[in-house]
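# Geometric and topological summary
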Amino acid sequence: MVLGWVLAAAALSLLVTPLGTVVERSSTAFLPEDSPTLHGLRVMDTAFGSGNTHSYVFVVITDDDGLGVGDRRVYADLVSTLQKEPERVSEVQDYLGKPEARRSMTSKDGEATYLVVGLRSAVGSPASDEDVKWLRSVVDDLDAPPGTEVHVTGDPAMIADLTTAVNDASLKITAVSLFLLVGILWLVYRRIATVLVSLVTIGVALLCTRGALAWAGEHGLALSTYTDAFVVAITLGAGTDYCVFLISRFREEYGNGLEPLDAVAESVSRVGPALLASAATVILGAICLGFTELAIFATTGPPMAICIAVTLAVSLTFTPALIRWFGPRIGPAPAPRPDSRWARTGRLVGRHPARILVAGVTVLVLLALALPTMQLSFDERAAQPPDTPSNLGLAAMTEHFPPNQTLPDYLLIRSDHNMANTRDLAVINSVSTAVAKVDGVNQVRSITQPAGRRLEPASIANQLGKLARGLHQADRKLESGEPGLERLASGAGDLGDALGQVSAGAGKAQDGAGKLSDGSRRIAHGLGQAADHTSQAASGARRLRLGAAALAAGLRTAHDQVAQAVEGLGRIVEALEDDPICTADPICKRSREGLRKIYTGERDRLLPGLAQAAAGAERLAAGDGRLATGLDQLAAGLRQAQSGSNRIAEGQALLSEKLGELEGGTDRLATGAAGIAPGIEQLLTQTEKHSNGLDESGDYLQAINQRADTPEAGGFYLPASALGKPDFALARTQFLSEDGKLARIQVTGDTDPLTPAGQERYNEVQDTADQAMNNTRLDDSTILATGAAGLGADLAHYLADDAVLVVAAVLLMVLLILILTLRALTAPLYLLASVVLSCAAALGLTTLVFQQLVGQDIHFTVPVIVFVLLVAVGADYNILLMSRMRESGLALDRDEVARAVTATGPVITAAGLIFASTFVALLFSPVEALAQTGFAVAAGLLLDTFIVRTLVVPACAALFEDRSWWPHRRPTRAPSALQPATTSDAHA
């Protein structure tokens, strides 16, 4: 009856949807929806994208002969096709119509380009896998020219390829597992019937398990990429172990003379509770994984529990029916020999438990010492074969583009106000500058440095440098006018000397005219002298006119040159008044006020004075011309006076009057000309002072420029109006949201973002940005982060929390089951300690082999899954061993320990080898995580089989003896010496 029902259930499972199909439809996203990386991605997409993007893939186009017209056509066709699928594609980041983007998205060698495709599905979700398949089908349909290759890569593509690799490896894993199982079963039992019972049991169990999981997946149970592979390994291992325990106990009871039916009943009654307890440890441990945050664990644990539960049910129902059916063909167990290996091992442990315990623990501790050196890997690229499509795409990117160009990280500064102002832009620039100094960062792009380097026109150092150069130019203009002023001062001095001589000549002429009036007898001689002196006066007057004209020209030249200098100085003052940085700088402000006073004085006083002096000199030149003409006429009159005495008196009087006026006017002119020279000298002195002052100001501003132009100064000034300029439009849309409340900073590192170094850089960048914003206008703003390194950082964070939860829950569950099964406290404690130490040793050995010898970091899923399996399965074997000791009651001594080791040694060893072989098959998987998990579990099972269960646990039991069942009361018994186990003892 039981046989028929189980076979019917197995047949029914064939009608259920295949498990692989359900896995593809049921797998959940890689990270929790509330993870910081995904939250940052959603915020960034809302501000800068479509608001519907949950993941990004990269389409890479390469041509070793250089991108040509055909490649550009393929690019344009692909963009057009993707934009027609809004249900799948949320955005396409391409360079069509964007020359600036084309330069950054095309390799420098001209052989590769790429575009970024935003998907509406989350990484690791079934929809994401479907979107990747669809996108690759679109790529395959492109009419690409010969030599052109198109790849699809990125996180969604990597997870999709990982799923495919795991599914493809399942058949190979199953085949290898079955081959190893058949070989070990044949070596242990050498009977076809025994091998058939085990194979049929695990075959039915596998069918029922896959059917149950497929049904559960159809009704809401989330399954992971690794479910199928673990289902095969666990079902084959656990199912075979349960068969081995039942068959071995059946053979033992059958060999003691019981009929097959009675032997089956006795076997189930004796082994059944132990199997239930051991299965419960695995089931509860796997269920603990269901409470973790990471989907890779939460979707692996519950299916493992279902797998064990179904396998146990089949083993306790279908397997006994098979054993009863085959009956005598299975045969009795051979009688154990007193000199067998297990008998000798039992006696050795009973005689020297302390030494055996120290030796066994020493081996485990030495292996466990390598565990702290374990480096976890969160890189899904390395977790799959290098020839997967996504890895080929990444290889193409690496060959043609700088490292990590398509794997940047992003800092998001979210404020409650518009940051498109000068002061907030300066803070963003400070954050960008600080982040650029973090080790491992090679480029930072933001609104203040959109090209990855700072905006030179926006730096205070650059602005001060321009101002300094302007002051130096004004200084050079003033210096060029100094020679003209010096010539003007020299000409004014010569003019004063000439006017002095004219004044002296006029005085002499006046004395001569007086003498003529004294006597007519000397009139002829006096008139002759007057004529001579009058001619001299005329000559002096002409010289005066020429000197005055030269003076007027010099003054006009000085006026024009000074006016030019004043105009340049005015522009300098105006520029300084409009500069808010100079207004904020007290020293610059005082320099500006001094320049303004100089400018006002020259404009309002010096220039008008020079203009008036020039006009006076011009009038003097005109007056001196009329004086020369008069003197010429006087000379002519004197000569005419010689011919007539009747006009002598009138001419003498007129001559005396004119000569007096000439003397007084010439004296005043000489005095004025003498005063001009000191004024011009004073102008020259002031001009030199202005030149020196401008030169000193230029030197001072140049010094400020040199001090400000340093990373420590961080001088930056960008007016908000600059954001509206056409050449700033692309940067404005890329790095500052439309409302100005979210600023994006793109960080590219020189270390792989998916490695521990990349995660360390990612965390340090966030800490640095937070510190750079302290005590600034943006101190209350929120900093978010996302990007490629964020995936690993979030995984590390959730892994730490999940590991604590799993370790605590599994240890508690296993301890409770051990306590309930053995009805004691002491034995469960050292049993739990032994399996924990065995697990640490297995993980340490895995670290030595893969990390130190092979050169692979350990995939982050390995420690948690290995811990659950090894602690649970290790407890299974300990339960079977201690249950055998407990069958004799509370009187446990070293003889009983030796008999238990002898009786259970072959069975548990065979079970351990069988279970380990199923995980050894995972080593043939091309997926790194599965291979490492398989090695670690197999190594742990072998350590548990040959060291923990064989040496450590029996040694502890021999040392504690019946105190192992504490708090039960210690029974009273007579001391007995250790005796070799007999045949009847071995069957007890």
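What this report covers is the structure whose coordinates are included nearby. (Residues numbered from 1 in each chain as written. Predicted model: local features only at pLDDT ≥ 70, side-chain atom pairs only at ≥ 80, totals over all residues. Heavy atoms only, no water.)

## Topic: the sheet that holds strand β9 (residues 782-787)
Each strand in a sheet pairs with another by means of backbone hydrogen bonds, the pair being arranged parallel or else antiparallel. Test applied: For two strands to be treated as a pair, DSSP must find no fewer than two bridges joining them. Only DSSP runs of H or I covering at least 4 residues are called helices, and only runs of E covering at least 2 are called strands; the numbering of each starts at the N terminus. Between N-to-C directions, angles cover 0 to 180 degrees, with each direction set by a line fitted to C-alpha atoms, over the stretch in contact for helices. Two residues form a contact once any of their heavy atoms are found within 4.5 Å.
Taking strand neighbours across the sheet as the criterion, the 4 strands line up as β7-β8-β6-β9 in an open arrangement whose pairing is antiparallel. Bordering the open sheet on either side are β7 (441-445) and β9, each of which pairs with just one other strand. Between one strand and the next, the sheet's axes are offset by a mean angle of 25 degrees, whatever the strand orientation. Summarising the sheet, β7 and strand β8 (residues 742-749) pair through 4 bridges and their orientation is antiparallel. Among the inter-strand pairings, Val444 is bridged to a residue of β8, identified as Val747. The strands touched by helix α16 (residues 422-436) are β6 (409-414), β7 and β8; relative to β7, the strand with the most contacts, the crossing angle is about 165 degrees. Along the sheet, helix α24 (residues 788-822) makes contact with β6 and β9, crossing β9 at roughly 100 degrees.

## Looking at the nonpolar core
Using the following cut-off: The criterion is simple. A nonpolar core is a set of buried Ala, Val, Leu, Ile, Met, Phe, Trp, Tyr and Cys residues joined through side-chain atoms within 4.5 Å. Partly exposed residues are those whose accessible area sits between 20% and 50% of the maximum for their type, while under 20% is buried and over 50% is exposed, using a 1.4 Å probe and protein chains only.
Within the largest apolar cluster, 142 residues are counted, with the highest numbers of intra-cluster contacts made by Phe245, Leu294, Met882, Met885 and Phe919. Look past the residues within four positions of Phe919 in its chain and what remains in contact with it is Phe230, Ala233, Ile234, Leu869, Gly934, Phe935, Val937 and Ala938. By size, the runner-up hydrophobic cluster in this structure holds 43 residues, among which are Val59, Leu115, Leu142 and Phe401.

## Considering the pattern of salt bridges
Any two side chains of opposite charge can pair if their charged atoms end up close together. Where we set the bar: By definition, a salt bridge exists where a carboxyl oxygen of Asp or Glu is found within 4 Å of a side-chain nitrogen of Lys or Arg.
In the structure shown here, the tally under the stated rule is 9 salt bridges. When the shortest N-O distance is used, the salt bridge between Glu266 and Arg270 registers 3.0 Å. With Glu266 and Arg270 both in helix α10 (residues 260-289), this residue pair falls 4 residues apart, about one helical turn. Owing to a relative accessible area of 25%, Glu266 belongs among the partly exposed residues under this scheme. Where Glu961 meets Arg894, a salt bridge forms, and the shortest distance between an N and an O atom there is 4.0 Å. Taken together, the residues Glu961 in the loop between α28 (928-960) and α29 (983-986) and Arg894 in helix α27 (residues 894-920) connect sequence positions 67 residues apart. Classification of Glu961 by relative accessible area gives buried; the value is 18%.

## Examining a nonpolar patch on the surface
Selection rule: By definition, no residue in a patch forms a salt bridge, and every one has over 30% relative accessible area; like charges are joined within 9 Å, nonpolar side chains (Val, Leu, Ile, Met, Phe, Trp, Tyr) within 5 Å. Shrake-Rupley sampling with a 1.4 Å probe provides the accessible areas, and residues are treated as covered by the protein chains on show and by no other component.
A cluster of nonpolar side chains, namely Trp186, Leu187, Ile192, Leu196 and Val200, defines an oily patch on the protein surface of about 470 Å² accessible area. For the nonpolar patch, the secondary-structure elements that each account for two or more residues are α7 (155-189) and α8 (192-218). Per element, the largest residue contribution to the nonpolar patch is 3 residues, and it comes from α8. Tracing the backbone shows Leu187 in helix α7. Judged by its relative accessible area of 57%, Leu187 is exposed.

## Examining the sheet that holds strand β2 (residues 89-93)
An order of β2-β3-β1-β4 is seen for the 4 strands of this open sheet, with the pairing classed as antiparallel. Both edges of this open sheet fall to β2 and β4 (148-153), since each of them pairs with a single strand only. Within this sheet the neighbouring strands show an average axis-to-axis angle of 20 degrees, counted without direction. Relative to strand β3 (residues 112-119), β2 runs antiparallel, the two sharing 4 bridges. Note that in β3 the partner of Gln93 across the bridge is Val116. Along the sheet, helix α4 (residues 69-83) makes contact with β1 (55-63), β2, β3 and β4, crossing β3 at roughly 5 degrees. The strands touched by helix α6 (residues 126-140) within the sheet are β1, β2, β3 and β4, with β4 carrying the most contacts at an inclination of about 170 degrees.

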